[in-house]
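Structural overview
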Amino acid sequence: MRSAIVELHKEELKFSAGHFMLLSATQRESMHGHDYQIQVAFHTLIGQNGMTFDCRLYKQRILNICQFLDYRFILPGQSDLMRVYEEGDQWIAQFGQQRIPFFKEDAVVLPICNVTLEELSHWFLQQIVSDQDELQEHRIQGVTVKVFNGRGESGSTSWGEILGFSAVINRDMIREI
C-alpha cells in the first residue's frame, strides 16, 4: 500500500479566544486574546480506490471544537500554579492572592496545565484521536495538529508513527464536545 499525508487547513478551522499564560508562581501575562487557526495533517494509507478516507468527518469534528472555544476565555484546569474552582455561575481562577472571576458562559476550563500553543495543540490532538477503532478503519497511522495564534507563531503535537515518533493518547485530556 502507498501512504499519503492529507492536510486540513481551511479558513473556517479557527476560533477567537482569550487567555493568559502562567509564567511562574508569581507572574502571569495580562489577559488578552488571539485569533487561532488550526491545521491538521493525517498520515494514512491510500486504499485500492485511490482514496485515503473521507475527511469531512474530521473537518466537522475540528469545526465543532473550534465553535466550542470561539469567543470564550480559556482557563487551565490542571495547573500547578493556579487553582480554578466553581462558585455559583462563575469559575474562579485563584492565582497567588488574585481571585479572578469568570462567568461560566464566557469561559471554559480545559484539562491543560497552561494556555500555550503547545498545550492547545496537544488538547486538540486528543479530541481528534480519541476513537482508536475509527483511526484504524480510516487507515490513519499518525496525526499532527498545529495551532497558530495569528502572529506567525505556532505549536504542534503529533500522535502515531510520524518521522519515528510514537505518542500515546492521554484519556484525561479528552473532552466531550
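All values reported here derive from a predicted model rather than from experimental measurement.

Right, let's get into the overall build of the protein chain. Regarding its fold elements, the protein chain presents three helices and 10 strands. Ordered by position in the sequence, the α and β elements of the protein chain form the string β-β-β-α-β-β-β-β-β-α-α-β-β. On C-alpha atoms alone, the protein chain measures out to a radius of gyration of 17 Å, which is about the 16 Å that the 2.2 N^0.38 rule sets for 177 residues. Projected onto the principal axes, the alpha-carbon positions of the protein chain cover approximately 60 × 30 × 30 Å. Carbon and sulfur atoms make up 46% of the accessible area of the protein chain, which amounts to about 9500 Å² in all. When the 16 basic and 23 acidic side-chain charges of the protein chain are each reduced to a single mean position, those positions are 3 Å apart.

With that out of the way, let us pick up unusual backbone geometry. With phi around 60°, Y71 is a residue other than glycine that occupies positive phi space. Mapped onto the secondary structure, Y71 falls in the loop between helix 1 (56-69) and strand 4 (72-76). In this structure Y71 comes out as exposed when scored by relative accessible area, which is 68%. Even without being glycine, R139 reaches a positive phi, approximately 60°. Within the fold, R139 resides in the loop between helix 3 (132-137) and strand 9 (140-148).

Of the pairings in the sheet, the one linking strand 5 (residues 83-87) to strand 6 (residues 90-95) comprises five bridges and is antiparallel in character. By the bridge assignment for strand 6, Y85 is matched with I92. Hairpin connection between strand 5 and strand 6: a loop of two residues separates the two successive antiparallel strands, and G88 in this loop has a positive phi of roughly 65°.

Next up on the list: the packing of aromatic side chains. Applying the stated rule across the entire model yields eight aromatic pairs. Taking 5.8 Å as the distance between ring centres and 50° as the angle between the ring planes, the aromatic pair formed by F20 and F73 counts as tilted. One end of the pair, F20, is in the loop between strand 2 (14-19) and strand 3 (32-45); the other, F73, is in strand 4, with 53 residues separating them in the sequence. Residues W123 and F124 carry aromatic rings whose centres are separated by 5.7 Å and whose planes lie at 85° to one another, so their mutual orientation is edge-to-face. Across the pair, F124 and W123 agree in class, each one buried. Members of the aromatic cluster, joined through ring pairs, are F15, Y36, W123 and F124. A cation over an aromatic ring shows up here: R28 above the ring of F20, its NZ or CZ 4.5 Å from the ring centre.

Moving on, we come to the confidence of the model for the protein chain. For the protein chain, the mean per-residue pLDDT works out to 91, and 91% of the residues sit at or above 70. Within the model, the stretch residues 163-169 combines pLDDT values under 50 with 13 contacts to residues more than four positions away or in other chains.

Through backbone hydrogen bonds, the strands of a sheet pair up, either in parallel or in antiparallel fashion. Spatially, three strands are ordered 5-6-7 in an open sheet, and the strand pairing comes out antiparallel. At either end of the open sheet lies a strand with only one pairing partner, and these are strand 5 and strand 7 (98-103). With strand direction ignored, the average angle separating the axes of adjacent strands in the sheet is 25°.

The next subject is the environment of V147. With respect to the helices and strands, V147 occurs in strand 9. Here V147 falls in the buried class, since its relative accessible area comes to 0%. Linking V147 and E137, residues 10 residues apart in sequence, is a C-alpha distance of 26 Å. Look past the residues within four positions of V147 in its chain and what remains in contact with it is Y36, Q37, I38, L117, L120, S121, F124, E153, S154 and G155.

Right, let's talk about the packing of helix 1 against helix 2 (residues 117-128) for a bit. Axes are the key here: two packed helices are described by the angle between their axes and the distance separating the axes. Two elements in contact, helix 1 and helix 2, have axes separated by 10 Å at closest approach and are oriented at 135°. In terms of axis orientation, helix 1 runs oblique to helix 2. Like other packed secondary-structure pairs, helix 1 and helix 2 cross with a definite hand, here right-handed. Between helix 1 and helix 2, the contacting residues are Y58, R61, I62, I65, C66, F68 and L69 on the first element and W123, F124, Q127 and I128 on the second. Residues that form the contact of helix 1 with helix 2 fall into these classes: nine nonpolar, one polar and one charged.

So, how was this worked out
- Residues numbered from 1 in each chain as written.
- Predicted model: local features only at pLDDT ≥ 70, side-chain atom pairs only at ≥ 80, totals over all residues.
- Heavy atoms only, no water.
- Helix = DSSP H or I, 4+ residues; strand = E, 2+ residues; numbered from the N terminus.
- Rg over C-alpha atoms; globule rule 2.2 N^0.38 Å.
- Areas by Shrake-Rupley, 256 points an atom, 1.4 Å probe, with all protein chains shown as cover.
- Lys, Arg positive; Asp, Glu negative; His and termini not counted.
- Charge placed at Lys NZ, Arg CZ, Asp CG, Glu CD.
- Buried < 20%, exposed > 50% of the residue type's maximum accessible area, 1.4 Å probe, protein only.
- Pairing = 2+ DSSP bridges.
- Phe/Tyr/Trp six-rings, centres within 6.5 Å; stacked < 30°, edge-to-face > 60°.
- Lys NZ or Arg CZ within 6 Å of the ring centre and 35° of its normal.
- pLDDT = per-residue confidence, 0-100.
- Contact = heavy atoms within 4.5 Å.
- Axes fitted to C-alpha atoms, helices over the stretch in contact; angles between N-to-C directions.
- Parallel < 35°, antiparallel > 145°, perpendicular 65-115°, else oblique.
- Left-handed = near helix turned anticlockwise from the far one by under 90°.
- Nonpolar A, V, L, I, M, F, W, Y, C, P; charged D, E, K, R; others polar.

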